[in-house]
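Residue-level structure breakdown
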Amino acid sequence: MFFRPKVRVEDFEATAMVHFPALYRTARLLAQETAEAEDLVQEVYLEAWKSFHRFEAGTNCRAWLFKILFHRLHHFRRRWAKAAKVEAFDKPEDQESIAAEPPVPQEIHDEDVLGALEKVPAEFREVVLLADVQEFSYKEVADTLKLPLGTVMSRLSRGRKLLRRELAEIASSYGIKSAKDQASTGESA
Amino acid sequence: MNVLNFDSRQCEGIHRHLDAYLSNELLVETTSEILRHLETCEACTRELETRTRVRDLLRRAATSQIPPEELRLSIERRLRETQPGAWGGSRQLNWAVALAGIVVIVLGGIVAHEWVRVLRGRKIVAGVLALGVADHVQCAIKGHNYPEVANPPEVLRKKLGPQYAGLLEVVQQNLPGFEVLEAHICSIPGSSRKYVHFITRGRGTILSVILTKKDGARLPSGGAFRSVVAGHVNLYEAHQQGMNVAGFESRGYLGFVVSDLETNTTLQIADQLVPPLNAALQEIS
């Protein structure tokens, strides 16, 4: 078609702006700075708005917006060039070290969790956020990140283990005992 | 409760599925198998609880952040400023695209019109030149209406009649290397159109010079159709029925030089003959 149907900004806002909190939170947990996250979200919405005529009403707008978000994010990330490398965690010894399944303490604050998440390399962090926080299916994550399904599964598994290890370390530095330790202490008492 | 060891082979198998179980990505059968195992295995149950707790902690922490309202307002403001046009770009871009589209359409129309005009003109040229070729083939080639020894000039003048007798000398003088064998006025059977027909021989072949009244037929003007200009007269050429024909338009008459000589040779012969012949025809008209 040479001409496209006219789209109304009110329709776009009603369809897309409801996902603003989820997009912002995800962007904030993946960007280096708050300002970068804000730029990112703004660009996502402007890009989505420009191509809103191609969006089919009734389809998954949230998945569409997240796809744009990660497309832009990867573009930004190349610019930032600060993200941790995946290769460093593909070595067998790293897998061994995180396969220890460290326990996680009961009492831990949101800031600690976010601090631990920040230490998880971005490639794993984004899969964990999409699957565990945004509750996308493996297939939706694969579509959003343009990754094979097997890669999504392995990155999710590794990301969860890394997060758990970081949480255990943070808790340990605070002198917080894990639930298992607490249980064993209780038993010995 | 029957507690299995954490390191048991069965537990290892269950552990491999716990991530997918947690994400609700397992088949019903596998999920049932895990649930059955969890009923009897305290270690795996504890492991699943820990993983679930980590996920819940992350979910809670990740959703605790409050998105800035100013950002939302800023985005909504920019959305209204960048209302996509018919092609999705700015208004200036849309106008530029529209203008470019119009220019393309207009230019395309001109080119198409010119192309149709050329095709139509060539068809007209071919149709007019076919008259000369038909007379040459019918009268000179198939009809062989010429003697082996040239008729004397006075006989030819008589056959041409007083109106066209004077043309014999013009043709004879301006066709070097050719001898006029026959000259007469004839017509193709079934057609009322009459031709002044000079049948000549030279360069090992028969060449006809044919003149006929226009009777409304016209050759199109324009450089796209003519081959050369002889004096002030446009020459048109075509190849039909194995013959090459050079045609021209004089006042009231159409003229043709037809032979099976090469195109360029036929044109060269016509180039020399046509200007004086045109002048003589002007006087007759």
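Residues numbered from 1 in each chain as written. Chains lettered and ligands numbered in written order. Predicted model: local features only at pLDDT ≥ 70, side-chain atom pairs only at ≥ 80, totals over all residues.

**Describing the overall build of chain A**
Counting its regular elements, chain A contains 10 helices and zero strands. In chain A, the order of α-helices and β-strands from amino to carboxyl end is α-α-α-α-α-α-α-α-α-α. Buried residues in chain A amount to 39% of all 189 residues. Across chain A, every contact between residues at least 6 apart in sequence was considered, and the portion connecting residues at least 24 apart equals 75%. (Helix = DSSP H or I, 4+ residues; strand = E, 2+ residues; numbered from the N terminus. Buried ≥ 20, exposed ≤ 12 C-beta atoms within 10 Å, placed from the backbone. Contact = placed C-beta atoms within 7 Å.)

**Examining the overall build of chain B**
Tallying secondary structure elements over chain B gives eight helices and seven strands in all. Classification of the 285 residues of chain B by burial places 28% in the buried group. Sequence separation of at least 24 residues holds for 60% of the intrachain contacts in chain B that already meet a minimum separation of 6.

**Concerning the sheet that holds strand β6 (residues 243-250) of chain B**
Pairing between sheet strands relies on hydrogen bonds along the backbone, with the strands arranged either parallel or antiparallel. All names here are of chain B. One open sheet accounts for seven strands, arranged β1-β2-β3-β7-β6-β5-β4; its pairing is antiparallel. Whereas interior strands pair on both sides, the edge strands pair on one side only; in this sheet they are β1 (179-186) and β4 (228-230). Neighbouring strand axes in the sheet, compared pairwise and without regard to direction, differ in orientation by 25° on average. In terms of strand pairing, β6 meets strand β7 (residues 253-259) through seven bridges, oriented antiparallel. Pairing of Val245 across the sheet is with Val258, part of β7. (Pairing = 2+ DSSP bridges. Axes fitted to C-alpha atoms, helices over the stretch in contact; angles between N-to-C directions.)

**Observations regarding the pairing of strand β5 (residues 233-240) of chain B**
Residue and element names in this part refer to chain B. Pairing between β4 and β5: three bridges, direction antiparallel. In the sheet register, Val229 faces β5, and the bridge partner there is Asn234. The pairing of β5 with β6 spans five bridges and is classified as antiparallel. Bridge pairing links Gln240 to Met243 in β6. Counting the residues that bridge the hairpin from β5 to β6 gives two residues, and of these Gln241 lies at a positive phi of roughly 50°.

**Details of the interface of chain B and chain A**
The partner chain A presents 39 residues to the 32 residues of chain B that form the contact. For the side of chain B that touches chain A, the element with the highest residue contribution is helix α3 (residues 42-62) of chain B, accounting for 12 residues. Looking at the side of chain B that touches chain A residue by residue, the classes come out as 11 nonpolar, nine polar and 12 charged. (Nonpolar A, V, L, I, M, F, W, Y, C, P; charged D, E, K, R; others polar.)

**What to know about the packing of helix α6 (residues 110-118) of chain A against helix α9 (residues 149-173) of chain A**
In a pair of packed helices, the angle between the axes and the distance between the axes together describe the arrangement. All names here are of chain A. Running from N to C, α6 and α9 cross one another at 130°; their axes reach a closest spacing of 8 Å. On the basis of the axis angle, α6 is oblique to α9. Remark: the crossing between α6 and α9 carries right-handed chirality. Contact residues: Asp112, Val113, Gly115, Ala116 and Leu117 in α6; Leu163, Glu166, Leu167 and Ile170 in α9. (Parallel < 35°, antiparallel > 145°, perpendicular 65-115°, else oblique. Left-handed = near helix turned anticlockwise from the far one by under 90°.)

**Looking at the nonpolar core**
Judged by nonpolar contacts, the single largest core of 56 residues is most densely connected at Ala27, Leu163 and Leu167 of chain A together with Leu58 of chain B. For this core, the element with the most residues is α9 of chain A, which contributes nine residues. In terms of nonpolar packing, the next biggest core, distinct from the first, is built from 47 residues, Ala140, Leu167, Leu175 and Val180 of chain B among them. (Core = buried A, V, L, I, M, F, W, Y, C linked by C-beta atoms within 7 Å.)

**Some points on the confidence of the model for chain B**
Residues and elements named next belong to chain B. Summing up the model confidence of chain B, the mean pLDDT is 86 and the portion of residues at 70 or higher is 93%. In this model, residues 1-6 is a region of pLDDT below 50 whose contacts with residues beyond four sequence positions or in other chains number 12 contacts. Interface predicted TM-score (ipTM) for the complex: 0.81; the corresponding pTM is 0.53. (pLDDT = per-residue confidence, 0-100.)

**Remarks on unusual backbone geometry**
Residues and elements named next belong to chain B. A positive phi angle is found at Asn24, which is not glycine, with a value near 60°. Structurally, Asn24 is set in the loop between α1 (9-22) and α2 (28-40). Residue Gln241 is not a glycine yet carries a positive backbone phi of 50°. Here Gln241 falls in the partly exposed class, since 13 other C-beta atoms lie within 10 Å of it.

**Side note on the packing of helix α7 (residues 122-133) of chain A against α3 of chain B**
α3 of chain B packs onto α7 of chain A with a crossing angle of 95° between their chain directions and a minimal axis gap of 10 Å. Classified by the interaxial angle, the pair formed by α7 of chain A and α3 of chain B is roughly perpendicular. Contact residues: α7 of chain A offers Leu129, Asp132 and Val133 of chain A, while α3 of chain B offers Arg55, Leu58, Arg59 and Ala62 of chain B. Considered class by class, the residues forming the contact of α7 of chain A with α3 of chain B number four nonpolar, no polar and three charged.

**Notes on the environment of Gly132 of chain B**
Residue and element names in this part refer to chain B. Summarising the element assignment, Gly132 is placed in helix α5 (residues 91-142). Given 27 C-beta atoms within a 10 Å radius, Gly132 is considered buried. Along the sequence, Gly132 and Val257 sit 125 residues apart, while their C-alpha atoms lie 7.7 Å from each other. Every residue in contact with Gly132, bar those within four places of it in the chain, is listed here: Ile210, Val245, Gly247, Phe256 and Val258.

**Quick look at α1 of chain B**
Residue and element names in this part refer to chain B. With 14 residues, α1 ought to run about 20 Å at 1.5 Å a step, and its terminal C-alpha atoms sit 20 Å apart, in line with that. The largest bend in α1 comes to about 35°, at Arg16. Taken residue by residue, α1 has Ile14, Leu18 and Asp19 as its buried positions. Asn24 sits one or two residues past α1 and shows a positive phi near 60°. (Expected span 1.5 Å × (residues − 1). Bend = angle between axes of the 7 residues up to and from the residue.)

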